[in-house]
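Analysis of the macromolecular model
Given next are the chains, with one letter for each unit.
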Amino acid sequence: MGGRFLSIGECMVELSQADDGHLRKGFAGDTFNTAWYARACLPADWSIDYFTALGDDAMSDEMVAFMGGAGIGTESIRRLRGKTPGLYMINLKDGERSFSYWRDSSAARQLAADGDALRTAIEASDVLYFSGITLAILSREDAFTLLAELRRAKAAGKLVAFDPNLRPRLWSSLDAMHTMIAEGGRAATLVMPSFDDEAAHFGDDSISATIRRYRQYGAAMVVVKNGPDGATIGDGTDETLVPAIKVVRVIDTTSAGDSFNGAFLAHYLQHKDAVAAAGFAAKIAAKVIQEYGALVAPEKLKSVK
Ligand code: ADP
């Protein structure tokens, strides 16, 4: 029996350079990428919806159409008059990628401004997903509105998954980031951090320290991703390392963590076995990093069992 999965955050317009020097347009963003992979890995009796705010311009229309075409529900997306989506551009110089962002006044920053709309969407869902970027783009007041709704969902026994996705540049201060990420952990039942980020920005000296910290905030389960060194599941007293798949030729690591999260959740929701879910997620992430771009076509993932 399926259920209803809701991912909450910001999807942006992505511009990247094609081989001929032209700019290619796409759509991506951490929580949307995870919704994409959850959709690719869950059977049709599961619905996957995206919650965000967009504008009333042609680009917002196109993004909604793109999501719908990918089988992701857009019913609860708020549309704000006169606003536009955020935009980022991938710059490539001597094989090195760098990113420029235009997102300071994106519509998504107001995704939690209407508390009733948020509550309706969350109440209609069985599984919630959000990230540290979702929290970072909101005003403090709106972030607390969102967190309160997520805590209600958690109290109602729903699975609430959170990827801290630490991005110091999106926060007004490190203090603000630390405080709000801890609140995110408190609202979640499952936290999916990346160890290198947590070590750099929280000073964790081991994966166990990361697990301990998020469990102290109140998450029942923590899955710490650690690139080619695999992922460690901490669910109380046990810590289980699930190795990554050996990839000889990494093409593009964009979305490694997002695809891992989507695949992990898809498997876990069906089989309730975190170790098996992490094994499956490692295989999907390994496929994703052998292709260009954030969103790998579902057909290319079909062979992964
Ligand atoms: P993030 O993208 O959030 O920083 P990680 O780099 O930890 O996340 O990667 C997430 C998952 O993707 C890892 O747990 C692993 O399964 C897979 N992965 C990432 N990099 C590699 C790699 N070089 N080789 C094999 N698997 C990888």
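Looking up the chain in an unreviewed UniProt entry gives the name 2-dehydro-3-deoxygluconokinase, with the organism given as Rhizobium hainanense. Within the UniProt record for the chain, the comment given under Sequence similarities (unreviewed entry) is "Belongs to the carbohydrate kinase PfkB family."

Let's talk about the packing of helix H5 (residues 140-155) against helix H6 (residues 174-187)
Contact pair H5 / H6: the axes reach a minimum separation of 8 Å and the direction vectors enclose 20°. Put simply, H5 runs roughly parallel to H6. At the point where H5 passes H6, the crossing takes the left-handed sense. Listed contacts from H6 to Arg 140, Ala 143, Phe 144, Leu 147, Leu 150, Arg 151 and Lys 154 of H5 are Met 180, Glu 183, Gly 184, Gly 185, Arg 186 and Ala 187. Tallied by class, the residues present in the contact of H5 with H6 amount to six nonpolar, two polar and five charged.

Topic: helix H8 (residues 207-217)
If you check which residues of H8 are buried, you get Ile 207, Ala 209, Thr 210, Ile 211, Arg 213 and Tyr 214. Among the structural elements, H6, strand S11 (190-191), helix H7 (195-202), strand S12 (221-225), strand S13 (231-234) and strand S14 (239-242) are those in contact with the buried residues of H8. Where H8 ends, the next residue or the one after it, Gly 218, has phi of about 130°, a positive value.

With respect to the environment of Leu 23
Mapping Leu 23 onto the fold places it in strand S3 (residues 23-28). Note: C-alpha distance between Leu 23 and Met 89 (66 residues apart in sequence) is 9.1 Å. In contact with Leu 23, not counting residues within four places along its chain, are Leu 15, Ser 16, Gln 17 and Met 89.

Digging into the nonpolar core
Phe 5, Leu 190, Val 223, Phe 260, Phe 264 and Ile 284 are the most contacted members of the largest nonpolar core, which totals 49 residues. Of the residues forming this core, the biggest block, eight residues, is contributed by helix H10 (residues 274-288). Among the nonpolar cores identified, the runner-up in size contains 43 residues, and Val 160, Ala 188, Phe 202 and Val 222 belong to it.

Digging into the confidence of the model for the chain
Any residue range with low pLDDT should be treated as having predicted coordinates unsuitable for detailed reading. The predicted model of the chain averages 96 in pLDDT, with 100% of residues at 70 or higher. Interface confidence in the predicted complex, given as ipTM, is 0.98; pTM for the same model is 0.97.

A few points about the sheet that holds strand S8 (residues 96-102)
Ordered in space as S3-S2-S7-S8, the four strands form an open sheet in which the pairing is mixed. The sheet is open, and its two edges are formed by S3 and S8, each paired on a single side. The sheet shows a mean angle of 25° between the axes of neighbouring strands, direction not considered. When strand S2 (residues 12-17) meets S3, the two strands line up antiparallel, connected through six bridges. Bridge pairing in S3 places Leu 15 opposite Lys 25. Across the face of the sheet, helix H2 (residues 58-69) comes into contact with S2 and S3 while running at roughly 65° to S3.

Focus: the side chain of Thr 232
Residue position: Thr 232 is located in strand S13. What makes Thr 232 buried here is its relative accessible area of 7%. Non-local contacts of Thr 232, meaning those with residues more than four positions away in its chain, are made with Ile 207, Ile 211, Val 222, Val 223, Val 224, Glu 239, Thr 240 and Leu 241.

Notes on the packing of aromatic side chains
Both the distance between ring centres and the angle between the ring planes are used here to describe each pair of aromatic rings. On inspection of all chains with the given rule, the structure shows eleven aromatic pairs. Ring centres of Phe 99 and Tyr 101 lie 6.4 Å apart, and the angle between their planes is 20°; this geometry places the pair in the stacked category. Judged by relative accessible area, Phe 99 falls into the partly exposed class, the value being 37%. Where Tyr 214 meets Tyr 217, the ring centres are 5.3 Å apart and the plane angle is 85°; that geometry is what we call edge-to-face. Pair noted here: Tyr 214 and Tyr 217 are both in helix H8, with a separation of three residues, about one helical turn.

About the thresholds
Residues numbered from 1 in each chain as written. Predicted model: local features only at pLDDT ≥ 70, side-chain atom pairs only at ≥ 80, totals over all residues. Heavy atoms only, no water. UniProt positions renumbered as here; feature names shortened; annotations may be inferred. Axes fitted to C-alpha atoms, helices over the stretch in contact; angles between N-to-C directions. Helix = DSSP H or I, 4+ residues; strand = E, 2+ residues; numbered from the N terminus. Parallel < 35°, antiparallel > 145°, perpendicular 65-115°, else oblique. Left-handed = near helix turned anticlockwise from the far one by under 90°. Contact = heavy atoms within 4.5 Å. Nonpolar A, V, L, I, M, F, W, Y, C, P; charged D, E, K, R; others polar. Buried < 20%, exposed > 50% of the residue type's maximum accessible area, 1.4 Å probe, protein only. Core = buried A, V, L, I, M, F, W, Y, C linked by side-chain atoms within 4.5 Å. pLDDT = per-residue confidence, 0-100. Pairing = 2+ DSSP bridges. Phe/Tyr/Trp six-rings, centres within 6.5 Å; stacked < 30°, edge-to-face > 60°.

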